[in-house]
Amino acid sequence: MPIKIDDNLPVKKTLEEENIFVMDDTRALSQDIRPIDILILNLMPLKEDTELQLLRSLSNTPLQVNITFVRTMSYESKHASQSHLERFYSTFKEVKKKKWDGFIITGAPVEQMDFEQVDYWEELCEIMKWADKNVTSTFHICWGAQAGLYYHYGIKKNDLPEKLSGVYPMNTIHRSTELVRGFDDRFLVPISRYTESDREMIRNNERLFVVSDSEEYGPYLIIGDGGKNIFVTNHPEYDILSLDQEYKRDVAKGINPKIPYNYYPDDDPDKVPIKSWRCHANMLYYNWLNYYVYQQTPYDWTGRTTTE
């Protein structure tokens, strides 16, 4: 699938080197097709790393996808340059005037805080309220999933005894559901978190439908309101070295973390990690884009004005 991004976005060169079809404005304008417009609210501190991870995952369908990154205005990132944000990111005020086919809300390193203590919580609530009426389907990742479950369905989050970090097995249930179409019965996914959304509250909510989970690690893929909201409680978009970087960062801070589970060969952090989750990650994004965005959005949706 061609993905259309800003020609000057720094990660564009990396994507091209990986043989990912990145389309420029001239080529995009010549296509006599209806592209999908996807908005990404990037709440992660290392913006470019997350940009690259998500663009890789979104590049594996036959659909043409136009990408727009958006940032919060109530919190200024300490890890991304202001010039990068101003050049490649829009504000919510700039994007809320049109309707969007799909929306991705990333994770954020704030999960040990109460939701209401997060600096940009009120702004995020405003954005999620707007998305309800003006986005076909919203895809929430990790803390973004916890935030969405709390805002839309009142699902609380609970502290874990210790950080859960590694590559863990998940089970596919309700195999006929489009979101997990083509999945194996069991597959692997990276996890990196200190908290989890309340399992019983999720399972007892009639508006939520769990399609992948683990008895040990809880629900993984959750469909809300028939696909209006998709919740992904872990990190399928992670690159091969993402957990390695987090582990070594925590070691340097003196946190004394456990070695990520099922990640390094022989549990040796000096060895190159094994990538074992990419196929299912790509299929997850493919299924979301195809079945919950492309197949559900009216042809002229993005030309319409928004509903306040």
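This text gives an overview of the structure that appears in the document. (Residues numbered from 1 in each chain as written. Predicted model: local features only at pLDDT ≥ 70, side-chain atom pairs only at ≥ 80, totals over all residues. Heavy atoms only, no water.)

Scanning all chains against the criterion turns up 18 aromatic pairs. Ring centres 4.4 Å apart and planes at 20 degrees place the aromatic pair F115 and Y150 in the stacked group. With F115 in the loop between strand 6 (100-105) and helix 6 (121-134) and Y150 in helix 7 (residues 143-153), the pair connects residues that are 35 residues apart, well separated along the chain. The class for F115 is buried, based on a relative accessible area of 5%. For Y150, a relative accessible area of 26% gives the class partly exposed. Aromatic pair Y247 and Y264: ring centres 6.2 Å apart, planes at 65 degrees, arrangement edge-to-face. Of this pair, Y247 sits in helix 9 (residues 242-252) while Y264 sits in the loop between helix 9 and helix 10 (278-294), placing them 17 residues apart in sequence. For the pair Y247 and Y264, one class covers both residues: buried. One aromatic cluster is present, formed by F115, Y120, W121, W143 and Y150 through successive ring pairs. Here K98 stacks its cationic end above the ring of W100, 4.2 Å away from the centre of that ring. (Phe/Tyr/Trp six-rings, centres within 6.5 Å; stacked < 30°, edge-to-face > 60°. Helix = DSSP H or I, 4+ residues; strand = E, 2+ residues; numbered from the N terminus. Buried < 20%, exposed > 50% of the residue type's maximum accessible area, 1.4 Å probe, protein only. Lys NZ or Arg CZ within 6 Å of the ring centre and 35° of its normal.)

This part is about the environment of Q53. The residue Q53 is located in helix 3 (residues 47-57) in this model. Exposure remark for Q53: the relative accessible area of 8% places this residue in the buried category. Q53 has contacts with E237, Y238, D239 and S242, leaving out every residue within four places of it along the chain. (Contact = heavy atoms within 4.5 Å.)

This part covers helix 6. The end-to-end C-alpha separation of helix 6 is 20 Å, in line with the 20 Å expected for 14 residues at 1.5 Å each. Those residues of helix 6 that fall on the buried side of the exposure criterion are W121, E123, L124, C125, I127, M128, W130, A131 and N134. Buried residues in helix 6 make contact with strand 3 (36-41), strand 4 (65-71), helix 5 (92-95), strand 6, strand 7 (135-141) and helix 7. (Expected span 1.5 Å × (residues − 1).)

Another point: the environment of P219. In this structure, P219 sits in strand 11 (residues 218-224). Taking the C-alpha atoms as reference points, P219 and T233, 14 residues apart in sequence, are found 7.3 Å from one another. Residue contacts for P219: discarding those within four places in its chain leaves R199, I202, R203, V210, S212, D213 and T233.

So, on to the nonpolar core. Counting residues in each nonpolar core, the largest one holds 42 residues, and the members touching the most others are I38, I104, F139, L179, L221 and W288. Here the element with the most residues in this core is helix 10; it accounts for seven residues. Once you skip the residues sitting within four places of it in the chain, W288 turns out to touch I38, L58, G102, F103, I104, S137, F139, L179, I230 and V293. Counting 24 residues, the second-largest nonpolar core is a separate cluster that includes L43, V70, V118 and V135. (Core = buried A, V, L, I, M, F, W, Y, C linked by side-chain atoms within 4.5 Å.)

Bridge count for strand 8 (residues 157-172) against strand 9 (residues 186-197) is eleven bridges, and the pairing is antiparallel. Bridge assignment links K157 to a residue of strand 9, and that residue is S197. Direction of pairing for strand 8 relative to strand 10 (residues 208-214): antiparallel, over a ladder of two bridges. In the strand pairing of strand 10, T172 is matched with S212. (Pairing = 2+ DSSP bridges.)

Where charged atoms of side chains with opposite charge meet at close range, the side chains can pair. Throughout the structure, instances matching the rule amount to 13 salt bridges. R56 is paired through a salt bridge with D239; the nearest N and O atoms lie 2.6 Å apart. With a gap of 183 residues between them, R56 in helix 3 and D239 in the loop between strand 12 (229-232) and helix 9 connect regions that are remote in the sequence. Relative accessible area serves as the criterion here: at 17%, R56 is assigned to the buried category. (Salt bridge = Lys/Arg side-chain N within 4 Å of Asp/Glu carboxyl O.)

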